[in-house]
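# A structural walkthrough
Listed below are the residues making up each chain.
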Amino acid sequence: MLSSKDLSRIPEEELLPLLQQEESKEQAFSVLVKRYSPRLYAVIRRIVLFHEDANDVLQESLYKIWKNIALFKGNSRLYTWMHTIATNEALSHLRSEKYERKVPLSTSEYDLAEILMNDPYFDGDNAEALLHAAIATLPEKQKLVFQYRYFDELSYNEISQLTDTSVGALKADFHHAQKKVKQHIEIESD
């Protein structure tokens, strides 16, 4: 078995076999968590409004990754697979939040920018808060496409693999999302 120091530098493609072997799984997973948790948290936080909820979703995502790592076939990058799990968990959380009515469904009932600015874990300025508030008003599919393109800088082909959606449909979703975000920011800025 490699030392923790050696494992922390191991490339993703060499980490996967270690994750799938019982004798090295725990140590390799610890490396995976340290390496990818910040990126997964960022993905989740862009979907989930509150820091505490994002932390909960991250923990649930990591649990699912741990539980299902042996089933990962390597048809995509490991991070892409984990990103998909985190995104699905965040969306599932949003659906349950709306179902339980913990968060009002209408943005007119609360000010998303104000919520973000008052969140002690949000370190952005007013413009960034307005952007995130505008993104939060988008339908789920448009929100995901916008976030993947704008924040993660993924190509349409990469997004197509993550969402199992055609490139043409993704381009349309992104175009509509851009227009809605721009309109929302213009209205809120006046």
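Note that the structure is a prediction, hence the values are computed from the model and not measured. (Residues numbered from 1 in each chain as written. Predicted model: local features only at pLDDT ≥ 70, side-chain atom pairs only at ≥ 80, totals over all residues. Heavy atoms only, no water.)

A few words now on the overall build of the protein chain. Scanning the protein chain for helices and strands turns up ten helices and zero strands. Its helices and strands taken in sequence order, the protein chain reads α-α-α-α-α-α-α-α-α-α from the N to the C terminus. The 190 residues of the protein chain split such that 45% are buried. Accessible surface computed for the protein chain: about 11000 Å², of which carbon and sulfur atoms make up 49%. (Helix = DSSP H or I, 4+ residues; strand = E, 2+ residues; numbered from the N terminus. Buried < 20%, exposed > 50% of the residue type's maximum accessible area, 1.4 Å probe, protein only. Areas by Shrake-Rupley, 256 points an atom, 1.4 Å probe, with all protein chains shown as cover.)

Here we take up the confidence of the model for the protein chain. For the protein chain, the average pLDDT comes to 79, and 78% of its residues sit at 70 or higher. Of all the helices and strands in the protein chain, helix H6 (residues 112-118) carries the lowest mean pLDDT, 53, while helix H4 (residues 51-68) carries the highest, 94. Note on residues 99-110: pLDDT under 50 across the span, and eleven contacts to partners over four residues away in sequence or across chains. (pLDDT = per-residue confidence, 0-100. Contact = heavy atoms within 4.5 Å.)

The next thing to look at is the layout of surface pockets. In this structure, the second largest pocket spans a volume of roughly 230 Å³. For the second largest pocket, the full set of lining residues is Arg39, Ser76, Arg77, Tyr79, Thr80, His83, Asp152, Leu154, Glu158, Gln161 and Leu162. The set of elements that each furnish at least two residues to the lining of the second largest pocket consists of helix H5 (78-100) and helix H9 (156-163). Within the lining of the second largest pocket, the residues separate by chemical class into three nonpolar, four polar and four charged. (1 Å grid on protein atoms, 1.4 Å probe; cavity = no way out; pocket = protein on both sides within 12 Å on 5 of 7 lines; lining within 4 Å. Points joined across faces, edges and corners; volume = space filled by probe spheres on them. Nonpolar A, V, L, I, M, F, W, Y, C, P; charged D, E, K, R; others polar.)

The next thing to look at is the side chain of Ser37. One can find Ser37 in helix H3 (residues 25-47). In this structure the side chain of Ser37 is engaged in a polar contact, spanning 2.7 Å, whose partner is the backbone oxygen of Val33. Beyond its immediate stretch of four places on either side in the chain, Ser37 contacts Leu32, Leu58 and Leu62. (Polar contact = N/O pair within 3.5 Å; in protein donor to acceptor, adjacent residues only side chain to side chain.)

In terms of nonpolar packing, the biggest core is built from 48 residues, with Leu32, Leu40, Ile65, Leu78 and Met82 touching the most fellow members. For this core, the secondary structure elements donating two or more residues are helix H2 (12-19), H3, H4, H5, helix H7 (126-136), helix H8 (140-150), H9 and helix H10 (167-189). Among the elements that make up this core, the one with the highest residue count is H3 (ten residues). (Core = buried A, V, L, I, M, F, W, Y, C linked by side-chain atoms within 4.5 Å.)

Turning our attention to the pattern of salt bridges. By the definition in use, this model includes two salt bridges. The salt bridge involving Arg77 is made with Glu12; its shortest N-O contact spans 3.8 Å. Of this pair, Arg77 sits in the loop between H4 and H5 while Glu12 sits in helix H2, and the two are 65 residues apart along the sequence. Exposure remark for Glu12: the relative accessible area of 12% places this residue in the buried category. (Salt bridge = Lys/Arg side-chain N within 4 Å of Asp/Glu carboxyl O.)

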